[in-house]
Amino acid sequence: MKSTTFNARKINQLLSSMSFAVSMLVFLGIASIIGTILKQNEPYENYIIKFGQFWFGYFEKIGLYDVYHSIWFLTILLFLVISTTLCISKNTPAILKDFLVFKDSLEEKSLLSFSHHLVIKNKKNVNVSKILNYLKQVKFKIKEKSKENGDILIVAKKGNYQRLGYILTHVGVVVICLGGLLDGNLTFKAQELLGYKKIETLDIPASKVPEVSRLSSDNTSFRANMTLVEGGSDNVAFVRMKDGYLVQDLPFKITLKDFRINHYSTGMPKSFESDLVISDPEFPQSIEKTISVNHPFTYKGIAIYQSDFQDGGTKLDIKLRSLFNSNAPQKIGGQIFEKVKLDKDQITYEFNDFRKFNILHLKEGEKEKPRNVGPSVTYKIRNNSGQAREYLSYQYAMEIDGRSFFITGMRETPQEEFKYLKVPADKKGSIDDFMLFKEALQNEALISAVAKKIANQSMNADKNDTVKESFENSVNKLMTLFAQGGFSSVSENLDRNIPPSEKEKAAQTYLKIIDIASVELYRNRFNFLGKELDQGRIKFIQDSLNAYSDMFFFGSPYYFELTNYEQKEASGLQLTKSPGQFWVYLGSLSLVLGIFSMIYLHERKFWLLIKAKGGVIFALSSNRKNIDFESDYKKLTNDIRKIIQ
């Protein structure tokens with residue numbers, strides 16, 4: 001029995017010790033830093049990409065992806081509550097006693113033991129009322145006591161609210177932690193541990209999510225997300241959990257009546273807001289409310305925040321232009337979040353996102369403001385075996401280095417940066433001229449005619465037909481190589497057939513022949529035969545050759561051209577039920593008041609013993625003896641000495 005009592009006392013001493021509480025606070029501080037630096041509740045794929053599969057598993061086991069709801073974080077909070085509560089219960093009685101009671105039992109010997117005391121010997125006829133008036137003027141609370149031997153003891157104190165700061169600070173910590181525990185989703189964690197609830201990982205409609213993965217509308221706390229398209233409504237939200245989600249049933253239905261985005265002159269979003277209609281089955285009348293960022297609406301304890309926005313299924317008109325033959329463009333209709341399969345090519349277009357405004361800085365390193373370059377579509381092209389590439393196509397041409405280009409980005413995996421295909425725009429701002437020139441590059445008959453013309457113009461009259469024919473064949477072969485694979489095909493041919501010592505010279509010759517033949521092809525295709533081309537057209541030809549060469553790495557047989565769209569937006573809402581929020585605010589207020597009291601209030605205790613036989617002893621004490629205390633002691637000493645003498 002004695003052993004049990006002894007152990008309980010030791011545990012109590014440990015939990016109520018300052019060092020234990022500080023240790024818990026340090027752990028909470030470290031956890032909070034992790035939770036701040038590492039973005040919480042992201043899809044697990046993002047963490048795998050960030051940390052790799054090896055470290056992802058370790059970090060997932062210790063709950064780093066949802067620090068504030070992890071078991072160890074809540075356990076630390078619980079121990080901090082216990083430790084701080086024990087501290088309060090142990091020290092509060094003594095603090096309150098000291099706050100309420102004047103220590104008027106001190107004797108002469110005790111006063112002389114104070115480090116800050118003053119003795120005036122043989123002084124009689126001290127004017128007590130003057131001393132009392134002075135102490136009142138300097139805000140002391142006073143008690144006067146006459147002793148049996150005729151001595152008079154004056155006890156005074158002020159600033160003892162500083163000690164209440166200790167209680168307020170500790171109570172604040174306890175209340176904040178309790179608020180954190182209230183919002184810690186403990187009910188779900190208990191149900192999950194007991195097997196009553198399970199996180200859903202399948203991508204299925206909310207109506208088909210089983211009861212074991214649903215949270216009732218009576219759930220005490222949650223943080224869920226809902227996406228509504230304009231005109232759409234729902235009465236469930238999704239709580240992201242680990243690698244899946246839970247469906248949170250709501251006691252009311254939310255309808256998105258309208259969604260608006262205001263933009264700056266640059267096209268950058270300035271603000272966005274949603275007109276909501278709340279339909280509660282308990283009341284016949286609906287409630288209409290507009291929410292915006294930092295201006296939520298709270299209904300039945302559930303705060304509805306405007307969190308973000310996204311596309312709600314914009315309809316797209318698309319023209320697919322063939323890159324490797326002269327087939328006529330084909331028009332298809334698409335919609336964001338839907339797919340279009342091209343049976344003939346065995347590929348599927350998956351439309352993922354549409355952005356009406358894109359703010360880009362096109363001149364990196366130069367002092368130019370970012371500007372809006374117009375709409376873009378993000379989509380994937382998936383082949384018959386399931387492999388996919390992601391694309392980002394802008395609708396309008398962008399001006400780069402004084403020339404206009406249609407830009408399309410492509411990447412093999414989400415971890416890669418986009419590699420961009422830059423197709424030059426013609427003078428009408430369209431892609432038509434590039435497509436015509438591309439067809440000329442792929443026209444074998446036209447290439448043969450151009451090769452023959454170049455051979456005739458390049459050879460002197462005295463050259464025999466064999467030499468001319470050989471040169472003509474070389475030009476024909478070179479342009480055919482380029483037409484079939486771009487500059488990389490020409491380079492491979494150089495590597496195979498030309499000795500290294502002559503490769504650079506041969507490469508320069510090849511490039512010159514390609515330039516000459518391309519200009520001649522352009523003249524032929526656009527009816528400029530016998531005419532000089534201006535610099536703008538020469539630049540267009542060079543840009544077209546580069547774009548044509550890059551086409552072979554584009555990974556798609558078609559150029560994607562967005563011709564029109566009908567935008568449909570969706571509003572992202574965050575719904576939170578947080579009963580601990582009030583207690584966190586209340587605890588924070590208590591914490592601030594407590595810290596303020598301890599820092600800015602100066603406690604002073606004053607004793608003045610007037611001896612019946614003559615003589616005065618003065619003593620001053622404080623729980624914090626700093627520079628201010630020394631200054632107060634000197635002032636009080638001087639003032640009291642003047643009054644007595």
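For the structure itself, look to the data block above.
This write-up is about the structure you can find in this document. What you see is a predicted model, and the numbers here were worked out from it, not measured in a lab. (Residues numbered from 1 in each chain as written. Predicted model: local features only at pLDDT ≥ 70, side-chain atom pairs only at ≥ 80, totals over all residues. Heavy atoms only, no water.)

## Re helix α15 (residues 627–644)
At step 1: Taking 1.5 Å as the rise per residue, α15 with 18 residues should run 26 Å; its terminal C-alpha atoms sit 26 Å apart, in good agreement.
At step 2: In this structure, the buried residues of α15 make contact with β1 (117–120), α6 (128–137), β25 (604–610) and β26 (616–621).
At step 3: At the N-terminal boundary of α15, the capping side chain belongs to Asn626, with an oxygen 3.3 Å from the backbone nitrogen of Asp628. (Helix = DSSP H or I, 4+ residues; strand = E, 2+ residues; numbered from the N terminus. Expected span 1.5 Å × (residues − 1). Contact = heavy atoms within 4.5 Å. Polar contact = N/O pair within 3.5 Å; in protein donor to acceptor, adjacent residues only side chain to side chain.)

## Structural notes on the pattern of salt bridges
At step 1: Taken as a whole, this structure holds 27 salt bridges when the rule is applied.
At step 2: Its salt-bridge partner being Arg403, residue Asp543 comes within 2.6 Å of it at the nearest N-O pair. A residue pair is termed long-range when its members are at least 10 positions apart, and Asp543 in helix α13 (residues 535–550) and Arg403 in strand β21 (residues 403–411) qualify at 140 residues.
At step 3: Among the ionic contacts, a cluster of salt bridges with common partners joins Asp98, Lys103, Arg163, Glu603 and Lys605. (Salt bridge = Lys/Arg side-chain N within 4 Å of Asp/Glu carboxyl O.)

## Structural notes on the pairing of strand β15 (residues 347–355)
At step 1: Where strand β14 (residues 339–342) and β15 come together, four bridges link them in antiparallel fashion. Within β15, the position partnered with Lys339 by the bridge is Glu350.
At step 2: Taken together, the eight bridges between β15 and strand β18 (residues 376–383) define a ladder with antiparallel strand orientation. Bridge pairing in β18 links Tyr349 to Ile381. (Pairing = 2+ DSSP bridges.)

## Section: the sheet that holds strand β23 (residues 558–566)
At step 1: With antiparallel pairing, three strands are arranged side by side in an open sheet as β13-β12-β23. Either end of the sheet is taken by a strand with one partner, and the two such strands are β13 (330–335) and β23. Strand after strand, the sheet turns through a mean of 30 degrees between neighbouring axes, direction not considered. (Axes fitted to C-alpha atoms, helices over the stretch in contact; angles between N-to-C directions.)

## Quick look at the packing of helix α10 (residues 444–458) against helix α11 (residues 465–497)
At step 1: At their nearest, the axes of α10 and α11 sit 8 Å apart, and the two run at 140 degrees to each other. For the element pair α10 / α11, the angle class is oblique. Viewed along their axes, α10 and α11 form a crossing whose handedness is right-handed. Of α11, the residues touching α10 (which contributes Ile447, Ser448, Ala451, Lys452, Ile454, Ala455, Asn456 and Ser458) are Lys468, Phe471, Glu472, Val475, Asn476, Met479, Thr480 and Ala483.
At step 2: Here the residues of the contact of α10 with α11 sort into eight nonpolar, five polar and three charged. (Parallel < 35°, antiparallel > 145°, perpendicular 65-115°, else oblique. Left-handed = near helix turned anticlockwise from the far one by under 90°. Nonpolar A, V, L, I, M, F, W, Y, C, P; charged D, E, K, R; others polar.)

## Side note on unusual backbone geometry
At step 1: Its identity as a non-glycine residue notwithstanding, Gln346 has a phi of 55 degrees, on the positive side.
At step 2: Residue Asp401 is not a glycine yet carries a positive backbone phi of 50 degrees.
At step 3: Structurally, Asp401 can be placed in the loop between β20 (398–400) and β21.

## Topic: the pairing of β18
At step 1: Strand direction decides the pairing type here: β18 and strand β19 (residues 388–394), joined by seven bridges, are antiparallel. Pairing of Val377 across the sheet is with Ser393, part of β19.
At step 2: Count of turn residues in the β18/β19 antiparallel hairpin: four residues, of which Gly386 carries a positive phi of about 95 degrees.

## Considering α6
At step 1: Residues Val128, Ile131, Leu132, Tyr134 and Leu135 constitute the buried set of α6. The arc that holds every buried residue of α6, seen down its axis, measures 160 degrees, which confines them to one face. For α6, exposure combined with an orientation more than 90 degrees from the buried face picks out Lys136 and Gln137.
At step 2: Looking at the buried residues of α6, the elements they touch are β2 (141–146), β3 (152–158), β25 and α15.
At step 3: One or two steps after α6, the chain reaches Lys139, where phi turns positive at roughly 70 degrees. (Buried < 20%, exposed > 50% of the residue type's maximum accessible area, 1.4 Å probe, protein only. Arc of directions from axis to C-beta.)

## Brief notes about the packing of aromatic side chains
At step 1: With the rule as written, the count across this model stands at 44 aromatic pairs.
At step 2: A ring pair is formed by Phe51 and Tyr65, whose centres lie 6.4 Å apart and whose planes are at 20 degrees; its orientation type is stacked. Placement of the pair is Phe51 in helix α3 (residues 44–61) and Tyr65 in the loop between α3 and α4 (71–100), with a sequence separation of 14 residues.
At step 3: Members of the aromatic cluster, each reached through a chain of ring pairs, are Tyr44, Tyr47, Phe51, Phe54, Trp55, Phe56, Tyr58, Phe59 and Tyr65.
At step 4: The ring of Phe405 carries the charged tip of Lys422 above its face, separated from the ring centre by 5.1 Å. (Phe/Tyr/Trp six-rings, centres within 6.5 Å; stacked < 30°, edge-to-face > 60°. Lys NZ or Arg CZ within 6 Å of the ring centre and 35° of its normal.)

Any link to function would need more than the numbers given here.
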